[in-house]
Amino acid sequence: MSEKSMKLIDLKQGQKGIIISVLGGRGVTQRLIDMGLTPGTEFKMLRKGRLCAVEISVRGSKLAIGCGVAAKILVKVKE
Amino acid sequence: MKKITIALAGNANVGKSVIFNRLTGLHQHIGNWPGKTVERAEGTLFHSDYTIDIIDLPGIYSLSTFSMEELISRDYIAKEKPDVVINVVDATNLERNLYFTLQLLELGRPMIIALNQMDLLKKKGISINIKKLQNFLGVPVVPVIATQGKGIHDLVHEAVRLAKGEYEKPKIEYGKEVEKEIQMLTKSLNKIKLDYPQRFLAIKLLEGDEEIKKMIEEVDPNIIKIVEKHAKKIECFHGHDRSTVIASERYKIANEIAKDCVSLGPSRVKFSDKLDEITTHGVWGYFIMIFSVVTLFFIIFTFGNFFSDILVGSLMNVRSIFEQYFGTGIASKLAWGIVEGLIAGITIVLPYILPFYVILGLLEDSGYLSRIAFLMDRFMHKIGLHGKAFIPLILGYGCNVPACLGCRIMETKRERLIAIFVTTLIPCAAVTTVILGLVGKYVGLIWAFSLYVIDLIIVFILGRIAFKVLPGEPTELIMEMHDYRMPDLKTVTKQAWFRIKDFIYIAFPLIIACSFIIKVLDVTNLSESIENMMKPITVDWLGLPVFSGIALIAGISRKELTLITLATHGSTTNFAAILTPVQMIVFSLVMMLYIPCVATVAALVKEIGWKKAIFITVFEIVFAIFVGGIAFRLLTL
């Protein structure tokens, strides 16, 4: 892969990214892809900070994701 | 009279229950799905010469096996075969909603799309080409503004038309490669006769759905090998695992349809976005949260106190009337016990629990509670829960019974158990009246407040222990945060009513029965011997007066009875004359922790079974006495 992949949680607030893949157990993966985090999907990091959970906007709606899960989603930054 | 069954299905927070309420009005019945702790709402509608049964399915995002709700929904549609499925779709969030729509279509029932929140669409400067959408999906699309009742009639009209058989099965195809495998697999399944359509089975098998796989294995194990072959092919072709491939394909279709049908106006920063930003802010968000929660409690308990005093005053007048008619003999005293139980129930529901749940419902429906869940996620993780558990926890401050039932929003059994356990430690409205009436009034508000802080610390510690002791991985927060909106008053009051109904059905009979039993103890002078039996605990270990024993027993029926019993057995309502400040604090502390009242125990049994319910109850009694004794020794140092 040409672009460097990173964890979703490491994105800065306001940055946009593209989902590469979701790691983790079947249940969580299924849930995340059902919520629209399929590979190739664009999203924007809306909110992070001292909070554990992050808020992203994806497919026209907002999702809150716990940091444990957010660390298991591989993404690349969209320039 | 002809009968039709309609199922309402859709994502969470799309206005499904508003539509349900509009359709059924007062003809509703809320129960559980057989053998499951998932709510089942059913209602009836009479339309020309049709009796229409309406089932409100749980709000879900997919038909996989992620949760009980998803399984129940797909089983219901496939097995019970409702005449029509109305898929409620949030017009402002078409893509995500269509993902679910596509899965519903695969179940093959006649379907209508209720395109809801059309009013918000205009506000957001979005427009949707309904004709186009209809053509894409191949099913009728009815624009609806549920909160204003617009489009509801059209929905019923369409549903009746479809139920008569005027329905053509739509055909939505996946991408070329995947579609080829689906069609081939569907052919291999043509001898399989199950409740589900073959195409649905084929897609689910390709996805790797365990439940469906089990079902097929029982009928024809050879098919699994064929499935494996097809699934490998699509995995190879797309380079992702099978479930991801299918989901991606589905989202691709949803995206294409949405793109083609939706035209966006100039986007502007919305007020709701700004509100979202500030209420989830790392600093301001917490300020606002604390402010709103404190305000909520302040309003409820000042208002509640005021109203409750009036209510108690007027209802207690009933006593003299009662005694005029029935005299003051033993039989009359016992009968009064029943009336008193009823009155007590009313004086806690009307002034405290009802307003609490209405205001909380407003916050919930507006979208604010999910912001609090987001803010509290980190804290809740320390006790092995995620942010959403905050919602039943805060419900617990009203009454523990609906709060326990509210723990159903947790995804796994393990989390439900932890959430229920900590919820029973939350001081409910009745406990608060005692704390305020005893410690707040005679020792000082600071001490009363400290009790709440101590309680939260205990919740935290015990929650953490439960989290460490119980086996299993914690699940994480994955939650849609819908935009802020004006709450719908009708939905909110109905929700509050259903929560209170839990209390009335479970708690009222028990409260009345216990009130009667306590009167029996009084009349037969048994209470004195019970007090004496409890002496080692109450007097020696807790440093409380002898008559507090019966008050603690009375509290099992309902916590506010502890105060009333103290007054009758201490023969005064001036508690300063019979209790020292330390005794008041110790008494309140024990009362706050020692047992979920009998109604809560009943709710526990209902939700988690006998064994766990008894364990929690016994544990909390022992724990409360232990903590009370320690507090007594610390305070008298």
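The shown structure was predicted, so the numbers you read here are calculated from the model rather than taken from an experiment. Positions within a chain are numbered from 1, following the residues in the order the chain's sequence is written. The naming scheme follows written order: chains are lettered A onward, ligands numbered 1 onward. Residue-level local features of this predicted model are given only where pLDDT is at least 70; pairs of side-chain atoms are given and counted only at 80 or more, and the full residue set underlies all totals for whole chains, interfaces and linings.

Thoughts on the overall build of chain B
Then, number 1: Note on conventions: DSSP H or I runs of at least 4 residues are helices, E runs of at least 2 residues are strands, and numbering of each starts at the N terminus. Helix and strand content of chain B: 28 helices and 10 strands.
Then, number 2: The atom set for the radius of gyration is the C-alpha atoms, and the globule formula is 2.2 Å times the number of residues raised to the power 0.38. A compact globule built from 637 residues should have a C-alpha radius of gyration of about 26 Å, and chain B, at 28 Å, falls within 12% of that.
Then, number 3: The proportion of buried residues among the 637 residues of chain B is 48%.
Then, number 4: Here, residue contact means that the backbone-derived C-beta atoms of the two residues sit within 7 Å. Long-range contacts, defined here as pairs at least 24 residues apart, represent 72% of the contacts in chain B between residues at least 6 apart. Here a residue counts as buried when 20 or more other C-beta atoms sit within 10 Å of its C-beta, as exposed when there are 12 or fewer, and as partly exposed otherwise, the C-beta atoms being derived from the backbone.

Some words on the overall build of chain A
Then, number 1: Summing up its helical and strand segments, chain A has 2 helices and 6 strands in all.
Then, number 2: If you list the helices and strands of chain A from N to C, you get β-β-α-β-β-β-α-β.
Then, number 3: Against the globule reference of 12 Å for 79 residues, chain A gives a C-alpha radius of gyration of 11 Å, in line with a compact fold.
Then, number 4: Considered along the principal axes of its C-alpha atoms, chain A spans approximately 30 × 30 × 20 Å.
Then, number 5: Across chain A, every contact between residues at least 6 apart in sequence was considered, and the portion connecting residues at least 24 apart equals 53%.

Brief notes about helix α6 (residues 152-163) of chain B
All names here are of chain B.
Then, number 1: Take the residue count of a helix, subtract one, and multiply by 1.5 Å to get its expected span. Taking 1.5 Å of rise per residue, the 12 residues of α6 would be expected to cover 16 Å, and the 17 Å separating its terminal C-alpha atoms lies within 8% of that figure.
Then, number 2: The complete set of buried residues in α6 reads Leu155, Val156, Glu158, Ala159, Val160, Leu162 and Ala163.
Then, number 3: Tucked inside the fold, the buried residues of α6 contact β1 (2-10), β3 (39-47), β4 (50-56), β5 (84-90), β6 (111-116) and β8 (141-143).
Then, number 4: Looking at the residues trailing α6, positive phi occurs at Gly165, about 110 degrees.

A short note on the nonpolar core
All names here are of chain B.
Then, number 1: Leu8, Ile112, Ala114 and Ala159 are the most contacted members of the largest nonpolar core, which has 208 residues in total.
Then, number 2: Among the elements that take part in this core, helix α21 (residues 489-523) stands out by supplying 11 residues, more than any other.
Then, number 3: Once residues within four sequence positions are removed from consideration, Ala114 is found in contact with Ile19, Ile86, Asn87, Val88, Val89, Val142, Val144 and Leu155. One nonpolar core equals one set of buried Ala, Val, Leu, Ile, Met, Phe, Trp, Tyr and Cys residues connected by C-beta atoms within 7 Å.

A short note on the domain arrangement of chain B
All names here are of chain B.
Then, number 1: Along its sequence, chain B is carved into domain 1 (2-163), domain 2 (176-264) and domain 3 (284-635).
Then, number 2: A domain assignment, automatic or from a database, supplies the domain bounds used here. Placing a centre on the C-alpha atoms of domain 1 and another on those of domain 3 gives a separation of 38 Å.
Then, number 3: Opposite the 10 residues of domain 1 that make contact, domain 3 presents 10 residues.
Then, number 4: In terms of residue count, the dominant contributor to the side of domain 1 that touches domain 3 is helix α1 (residues 16-24) (3 residues).
Then, number 5: A class-by-class count of the residues in the side of domain 1 that touches domain 3 yields 4 nonpolar, 6 polar and no charged. The nonpolar class holds Ala, Val, Leu, Ile, Met, Phe, Trp, Tyr, Cys and Pro. Asp, Glu, Lys and Arg form the charged class, and all remaining residues, Gly among them, are polar.

With respect to the environment of Gly285 of chain B
All names here are of chain B.
Then, number 1: Mapped onto the elements, Gly285 comes out in helix α13 (residues 284-326).
Then, number 2: Residue Gly285 is classed as buried on the basis of its 22 C-beta neighbours within 10 Å.
Then, number 3: Separated by 86 residues in the primary sequence, Gly285 and Arg371 have C-alpha atoms spaced 8.6 Å apart.
Then, number 4: With near-sequence residues (within four places) excluded, Gly285 lies in contact with Thr279, Thr280 and Leu375.

Some thoughts on the sheet that holds β6 of chain B
Residues and elements named next belong to chain B.
Then, number 1: Pairing between strands is defined by DSSP: at least two bridges between them are needed. Spatially, β2-β3-β4-β1-β5-β6-β8 is the arrangement adopted by the 7 strands of the open sheet, whose pairing is mixed. Every other strand in the sheet has two partners, leaving β2 (28-32) and β8 as the edge strands with one partner each. Strand-to-strand twist in this sheet, taken as the mean axis angle between neighbours without regard to direction, amounts to 25 degrees.
Then, number 2: Bridge count for β6 against β8 is 3 bridges, and the pairing is parallel. Axes, fitted as lines to C-alpha atoms, cover a helix only where it is in contact. Angles between the N-to-C directions of the axes lie from 0 to 180 degrees.

Examining the interface of chain A and chain B
Then, number 1: Listed as interface residues are 28 residues of chain A and, on the opposing side, 29 residues of chain B.
Then, number 2: Elements with a minimum of two residues in the side of chain A that touches chain B: α1 (26-34), β5 (61-65) and α2 (67-70) of chain A.
Then, number 3: Sorting elements by how many residues they give to the side of chain A that touches chain B places α1 of chain A first, with 7 residues.
Then, number 4: The class makeup of the residues in the side of chain A that touches chain B is 12 nonpolar, 9 polar and 7 charged.
Then, number 5: Summarising the sheet, β5 of chain A and strand β10 (residues 478-480) of chain B pair through 3 bridges and their orientation is antiparallel.

Some details on the sheet that holds strand β2 (residues 16-22) of chain A
Then, number 1: Read across the sheet, 7 strands follow the order β1(A)-β6(A)-β2(A)-β3(A)-β4(A)-β5(A)-β10(B) without closing on themselves; strand pairing throughout is antiparallel. A strand with exactly one partner marks an edge of an open sheet, and here the two such strands are β1 (6-7) of chain A together with β10 of chain B.

Some points on the confidence of the model for chain A
Then, number 1: Across the chain, each position has a pLDDT score giving the predictor's confidence in that residue, from 0 to 100. Mean pLDDT over chain A stands at 88; residues scoring 70 or higher make up 92%.
Then, number 2: When mean pLDDT is taken per element in chain A, strand β6 (residues 73-77) of chain A scores highest with 94 and α1 of chain A scores lowest with 86.

Describing unusual backbone geometry
Residues and elements named next belong to chain B.
Then, number 1: Of note, Ser48 is a non-glycine position whose phi angle comes to about 40 degrees, a positive value.
Then, number 2: Relative to the assigned elements, Ser48 resides in the loop between β3 and β4.
Then, number 3: The class for Ser48 is exposed, based on 9 C-beta atoms found within 10 Å.

Side note on helix α15 (residues 368-382) of chain B
An α-helix turns once every 3.6 residues. As a result, residues three or four positions apart point the same way.
Then, number 1: Taking 1.5 Å of rise per residue, the 15 residues of α15 of chain B would be expected to cover 21 Å, and the 22 Å separating its terminal C-alpha atoms lies within 8% of that figure.
Then, number 2: The angle separating two fitted axes, one through the seven residues that finish at a residue and one through the seven that start at it, defines the bend at that residue. Where α15 of chain B bends most, the angle comes to about 55 degrees, and this point is Met376 of chain B.
Then, number 3: Residues Ser370, Arg371, Ile372, Ala373, Phe374, Leu375, Met376, Asp377, Met380 and His381 of chain B constitute the buried set of α15 of chain B.
Then, number 4: The elements touched by buried residues of α15 of chain B are β4 (54-58) and β5 of chain A together with α12 (271-279), α13, α16 (390-395) and β10 of chain B.
Then, number 5: Within two residues after α15 of chain B, Gly384 of chain B carries a phi angle of roughly 75 degrees, on the positive side.

Some remarks on the environment of Lys270 of chain B
Residues and elements named next belong to chain B.
Then, number 1: Counting through the fold element by element, Lys270 comes out in the loop between β9 (262-264) and α12.
Then, number 2: A tally of 14 C-beta atoms within 10 Å means that Lys270 is categorised as partly exposed.
Then, number 3: Counting along the chain gives 147 residues from Lys270 to Lys123, while the straight-line C-alpha distance between them is 9.6 Å.

Focus: the pairing of β5 of chain A
Residue and element names in this part refer to chain A.
Then, number 1: Across the 5 residues of β5, 5 count as buried, placing the element largely inside the fold.
Then, number 2: Neither face of β5 is left uncovered, since the one carrying Ser61, Leu63 and Ile65 and the one carrying Lys62 and Ala64 both have all their residues buried.
Then, number 3: Where β4 lies against β5, 5 bridges are found, and the strand directions are antiparallel. Across the sheet, the residue bridging to Ile56 is Leu63, located in β5.
Then, number 4: A loop of 2 residues connects β4 with β5, the two strands running antiparallel in sequence, and Arg59 in this loop sits at a positive phi of about 50 degrees.

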